[in-house]
Amino acid sequence: MSRFLPRNRSYWLAKLCEANYERLVALVPDLDQIRPVLKASVHGKPTLHIRLLERSPYTLTLELTHAFDRAMEELREPAVRIRVYLDARSVEVLSDHCRPEVRDALRDEATPQRVLDYKWSLNYFLARWLDYCVDSRYRLSAGPADLYPWMDSSAPA
């Protein structure tokens, strides 16, 4: 993947996290009412899964992934764990399927610049992936299932 590294990454990282919140809301418009498990299908594309891992009054921790069907197994990638800050309207990537959290990835080498570069790469990846999902017309309803009786969680959204 190509790398885009702006000069003032701390400023642009904050802007990227805010933009990722808007991208996520485009996928899940009623995000603050999210159910434990959501999935959406688009013809010819892998199923998008969102799983609620943790909820607090102002944050959500979610896992977003695609499910690829392979011979007799299901492969889930990129398995991105994110923290959603509802009050700040921002999203931060915690880890993905091949990159651990910052503290585990950098350990003793966690200089401010390396932490910033690592966070930038995780969140820039999320931006591109969310753009793909939005452009592919994945849409999920986060609200309680009884509010949306016409929606079957196994049917394409």
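Before reading on, note that the structure itself is shown above.
Residues numbered from 1 in each chain as written. Predicted model: local features only at pLDDT ≥ 70, side-chain atom pairs only at ≥ 80, totals over all residues. Heavy atoms only, no water.

K.L.:
Go over the overall build of the protein chain, please, and point to the residues and values.
P.N.:
Along the protein chain, the regular secondary structure elements total three helices and five strands. Its helices and strands in sequence order give the protein chain the pattern α-β-β-β-β-β-α-α, from N to C terminus. For the protein chain, buried positions account for 42% of its 157 residues. Partitioning the contacts of the protein chain with sequence separation of at least 6, the portion at a separation of at least 24 is 53%. Counting only carbon and sulfur atoms, one obtains 52% of the accessible surface of the protein chain, whose full area is about 9,300 Å². (Helix = DSSP H or I, 4+ residues; strand = E, 2+ residues; numbered from the N terminus. Buried < 20%, exposed > 50% of the residue type's maximum accessible area, 1.4 Å probe, protein only. Contact = heavy atoms within 4.5 Å. Areas by Shrake-Rupley, 256 points an atom, 1.4 Å probe, with all protein chains shown as cover.)

K.L.:
With reference to specific residues and values, describe the pairing of strand β1 (residues 37-40).
P.N.:
Only one face of β1 is buried: it carries Leu38 and Ala40, and the other face, with Val37 and Lys39, is open. Bridge count for β1 against strand β2 (residues 47-55) is four bridges, and the pairing is antiparallel. Looking across to β2, one finds that Leu38 is bridged to Ile50. The antiparallel pairing of β1 with β2 creates a hairpin that spans six residues between the two strands, and Gly44 there sits at a positive phi of about 80 degrees. (Pairing = 2+ DSSP bridges.)

K.L.:
Could you give me a rundown of the side chain of Thr61, with the residues and numbers involved?
P.N.:
With respect to the helices, strands and loops of the structure, Thr61 is situated in strand β3 (residues 59-70). Residue classification places Thr61 among the buried residues on the basis of a relative accessible area of 5%.

K.L.:
Go over the pattern of salt bridges, please, and point to the residues and values.
P.N.:
Under the defined criterion, the tally for this structure stands at five salt bridges. Notably, a salt bridge pairs Glu22 with Arg89, separated by 2.9 Å at the nearest N-O pair. With a gap of 67 residues between them, Glu22 in helix α1 (residues 9-27) and Arg89 in the loop between β4 (73-85) and β5 (90-95) connect regions that are remote in the sequence. Here Arg89 falls in the partly exposed class, since its relative accessible area comes to 42%. (Salt bridge = Lys/Arg side-chain N within 4 Å of Asp/Glu carboxyl O.)

K.L.:
How would you explain the environment of Leu53 if you had to name every residue and give the values?
P.N.:
Here Leu53 shows up in strand β2. A sequence separation of 28 residues divides Leu53 from Arg81, and the C-alpha atoms of the two residues are 8.8 Å apart. With sequence-adjacent residues up to four places away left out, Leu53 is seen in contact with Thr61, Leu62, Glu63 and Arg81.

K.L.:
Provide a residue-level description of helix α3 (residues 112-135), including the pertinent values.
P.N.:
Over its 24 residues, α3 runs 34 Å from end to end, which matches the ideal 34 Å to within 8%, given 1.5 Å per residue. Within α3, burial applies to Leu116, Tyr118, Trp120, Leu122, Asn123, Tyr124, Phe125, Leu126, Ala127, Trp129, Leu130 and Cys133. The first or second residue beyond α3 is Arg137, which carries a positive phi of 70 degrees. (Expected span 1.5 Å × (residues − 1).)

K.L.:
Give a detailed account of the packing of α1 against α3, specifying residues and quantitative values.
P.N.:
Where α1 meets α3, the closest approach of the two axes is 9 Å, and the angle between their N-to-C directions is 25 degrees. In this view, α1 runs roughly parallel relative to α3, as classed from their interaxial angle. Judged by the twist between their axes, the crossing of α1 over α3 is left-handed. (Axes fitted to C-alpha atoms, helices over the stretch in contact; angles between N-to-C directions. Parallel < 35°, antiparallel > 145°, perpendicular 65-115°, else oblique. Left-handed = near helix turned anticlockwise from the far one by under 90°.)

K.L.:
Can you lay out the nonpolar core for me, pointing to particular residues and giving the numbers?
P.N.:
Grouped together as the largest cluster of nonpolar side chains are 29 residues, with contacts concentrated most on Leu24, Leu31, Leu62, Ile82 and Val84. Elements with a contribution of two residues or more to this core: α1, β1, β2, β3, β4, β5 and α3. Among the elements that make up this core, the one with the highest residue count is α3 (seven residues). Ignoring sequence-local partners within four residues, the contact set of Leu62 consists of Leu24, Leu31, Ile34, Ile50, Arg51, Leu52, Leu53, Val80, Arg81, Ile82 and Val84. (Core = buried A, V, L, I, M, F, W, Y, C linked by side-chain atoms within 4.5 Å.)

No statement about biological role is implied by the geometric values presented.
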